[in-house]
Amino acid sequence: MQDKTFLMIPGPTPVPESVLLDMAKHPVGHRSSEFSAILKEVYSDLKEIFQTQNDVFVLTASGTGAMEAALANLLNPNDKVLSLVIGNFGERWAKIAESRGADVERISVEFGQAIDPSVLKARLDADCDKQIKVVTLTHNETATGVTNDVKSLVSLIKEHGAVSVVDGVTSIAALPCPMDEWGIDVLVSGSQKGFMIPPGLSFIAVSDKAFEVFEQCKNPSFYFNWAAYRKSVRDASTPYTPAVNLFVALHTALKMMKKEGLENIHARHKKLATALRASIKAIGLELFVKDENIASYAITSILPPEGISVPDIRATLKKDYNIVVANGQNALKDKIFRMGTLGFVCDRDLLAAVASLEATLYKLGYKFEPGAGVRAAIEHLAK
Ligand SMILES: Cc1ncc(COP(=O)(O)O)c(C=O)c1O
């Protein structure tokens, strides 16, 4: 059926109708007082979502643009970077750092695992002459569905003195990530995730310490220059022509988020993800992330049952029930499928998704007790 598609991928995520309607209006001039008033509120509301007193820069770029804007303003050639890699997106930090000529060392784990803080501690303790300038890490690894213990990891990085650069693309506005309380130096995110608007904007919040390091950067980015963005935030403007309609969308979405409240948003994500996992187990499927303590509240990775392929599950869900779920990435392609519970998702959406997944598996010949997953979800959501 036309216009019924429901995205249960970890981005882009569903967009509220009020946001869509607001962004459908004629573009406003980006130097107008009308737009400046919008920016003022957007910049202020973003600080609340990032839980920081630092300025939050808004870039007309996807999340990877913000990742590049982070490292391009910090690194000089041959600087030592330690990249904590638990999946594709952690590896992306390492590749961006290499593209800036940095000397990159990786701490990697098997996919499905998180970084053990004691391993990071041992490496940082061994860095007696403080060669490591920047440590990159991913809060919520979307490729696997694992959440790193950013609080503990960042506190170790802080103790060492390096700059912590955190990918919060699928964690901000989904899981707690209080920038100032945890002492994060640079925190990035993207619009098409917990922010409930389409792709095209990304965010980067920068601590005073990181800004001082930027001031020593010999060849900082021109388009994504932090000094230009800091000045613009303070003037309620943008350095260049931004995606104005997306800013209008963000303005509306941030108001919705404030109305719901950050704690309630986090609680909703936790409830939906844990309900989904309870129903997956009840259906008899295996979760890719075995340890519930590191399993993400934004995305759940699931193994298909024996004899049924991931492409068949995805195709049936899409064709018969208009629900889109994601494939695994790279080595995990066709080995897992990933269901997002990120952004504008409610109990009803989850119940519909679990019922549709059951109907899909039933059609594909999987032997289980139909209704078991829905029952588990109902019971979990009622708690
Ligand atoms: C954790 C994480 N980091 C970075 C990115 C890259 O963002 P984008 O695709 O918006 O460039 C994504 C995208 O899914 C992501 O999930």
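Just so it is clear, the model here is predicted, and its values are computed rather than measured.

1. Side note on the overall build of the protein
Point 1. Check the secondary structure of the protein and you find 14 helices and 15 strands.
Point 2. Computed over the C-alpha atoms, the radius of gyration of the protein is 21 Å, within 12% of the 21 Å expected from 2.2 N^0.38 for a compact globule of 383 residues.
Point 3. With respect to the three principal axes, the spread of C-alpha positions in the protein is 60 × 55 × 35 Å.
Point 4. Looking at the protein as a whole, 49% of its 383 residues qualify as buried.
Point 5. A sequence separation of at least 24 residues applies to 73% of the contacts in the protein between residues at least 6 apart.

2. A short note on the pairing of strand 4 (residues 103-108)
Point 1. Where strand 3 (residues 80-85) and strand 4 come together, six bridges link them in parallel fashion. When the sheet's bridge partners are listed, S83 is paired in strand 4 with R106.
Point 2. The parallel pair strand 3 and strand 4 is bridged by helix 4 (residues 88-99), and the resulting crossover is right-handed.

3. Section: the domain arrangement of the protein
Point 1. Under the domain assignment, the protein is made up of domain 1 (6-12 + 261-382) and domain 2 (17-259).
Point 2. Centre-to-centre separation of domain 1 and domain 2, based on C-alpha positions: 28 Å.
Point 3. Every contact between the two is made by 24 residues of domain 1 and, on the other side, 27 residues of domain 2.
Point 4. Among the elements that line the side of domain 1 that touches domain 2, the one with the most residues is helix 11 (residues 262-283), at four residues.
Point 5. For the side of domain 1 that touches domain 2, the per-class residue count stands at 14 nonpolar, nine polar and one charged.

4. Focus: the sheet that holds strand 3
Point 1. Strand order in the open sheet made by the seven strands is 2-10-9-8-5-3-4, with mixed pairing throughout. One side of each edge strand has no neighbouring strand; the edge strands of this open sheet are strand 2 (56-59) and strand 4. Neighbour to neighbour, the strand axes of the sheet diverge by 20° on average, direction disregarded.
Point 2. Pairing of strand 9 (residues 186-190) with strand 10 (residues 202-206) involves five bridges; the strand directions are antiparallel. Within strand 10, the residue paired with S189 across the bridge is F203.

5. Considerations on the pairing of strand 3
Point 1. Of all the six residues making up strand 3, five are buried; the element is thus mostly covered by neighbouring parts of the structure.
Point 2. As paired elements, strand 3 and strand 5 (residues 132-138) share four bridges and run parallel to each other. By the bridge assignment, V81 is partnered in strand 5 with V134.

6. Focus: the site of the ligand
Point 1. Not every one of the 13 residues close to the ligand is listed here, only the nearest: S62, G63, T64, T142 and V169.
Point 2. Across the shell around the ligand, the residue classes tally to three nonpolar, nine polar and one charged.

7. Notes on helix 9 (residues 226-235)
Point 1. Three or more residues of helix 9 are buried, namely W226, Y229 and V233. Considered in projection along helix 9, the buried side chains sweep an arc of 65° and stay on one side of the axis. Projecting away from the buried face of helix 9 at angles above 90 degrees are the exposed residues R234 and D235.
Point 2. Residues of helix 9 that are buried make contact with helix 2 (33-50), strand 2, strand 10 and helix 8 (208-214).
Point 3. Where helix 9 terminates, the next one or two residues include A236, which has phi positive at roughly 50°.

8. A look at unusual backbone geometry
Point 1. Of the consecutive residues G11 and P12, the connecting peptide bond is found in the cis state with omega at -5°.
Point 2. Positive phi outside glycine occurs at A173, with the angle close to 70°.
Point 3. Here A173 lies in the loop between strand 8 (163-167) and helix 7 (179-182).
Point 4. When the 25 C-beta atoms within 10 Å are taken as the criterion, A173 is described as buried.
Point 5. We note that D334 has phi near 65°; this positive angle belongs to a residue other than glycine.
Point 6. Among the structural elements, D334 can be located in the loop between strand 14 (326-327) and strand 15 (337-340).
Point 7. Taking the C-beta count within 10 Å as the criterion, D334 has 12 such neighbours and is therefore assigned exposed.

So, how was this worked out
Here the residue numbers are simple positions, counted from 1 along each chain's written sequence. Reporting in this predicted model follows two pLDDT cut-offs: at least 70 for local features of residues, and 80 or more for side-chain atom pairs to be given and counted; totals over whole chains, interfaces and linings ignore these cut-offs and use all residues. Numbered from the N terminus, helices here are DSSP runs of H or I no shorter than four residues, and strands are runs of E no shorter than two. For the radius of gyration, the atom set is restricted to C-alpha positions; the globular benchmark scales as 2.2 Å times the number of residues to the power 0.38. For every residue, the other C-beta atoms within 10 Å of its own C-beta are counted; 20 or more classify it as buried, 12 or fewer as exposed, and values in between as partly exposed. C-beta atoms are placed from the backbone. This entry defines residue contacts through backbone-placed C-beta atoms, with two residues in contact when those atoms are within 7 Å. Should DSSP find at least two bridges between two strands, the strands are regarded as paired. Orienting the strands away from the viewer, one traces the path from the first strand over the helix to the second; a clockwise path indicates a right-handed crossover. An automatic or database domain assignment is the source of the domain bounds shown. As a working rule, the residues Ala, Val, Leu, Ile, Met, Phe, Trp, Tyr, Cys and Pro are called nonpolar, Asp, Glu, Lys and Arg charged, and the rest polar, with Gly in that last group. Between N-to-C directions, angles cover 0 to 180 degrees, with each direction set by a line fitted to C-alpha atoms, over the stretch in contact for helices. Using the backbone to place each C-beta atom, any residue with that atom within 6 Å of a molecule or strand is considered near it. Picture the helix axis, draw a direction to every C-beta atom, and the arc is the one those directions span.

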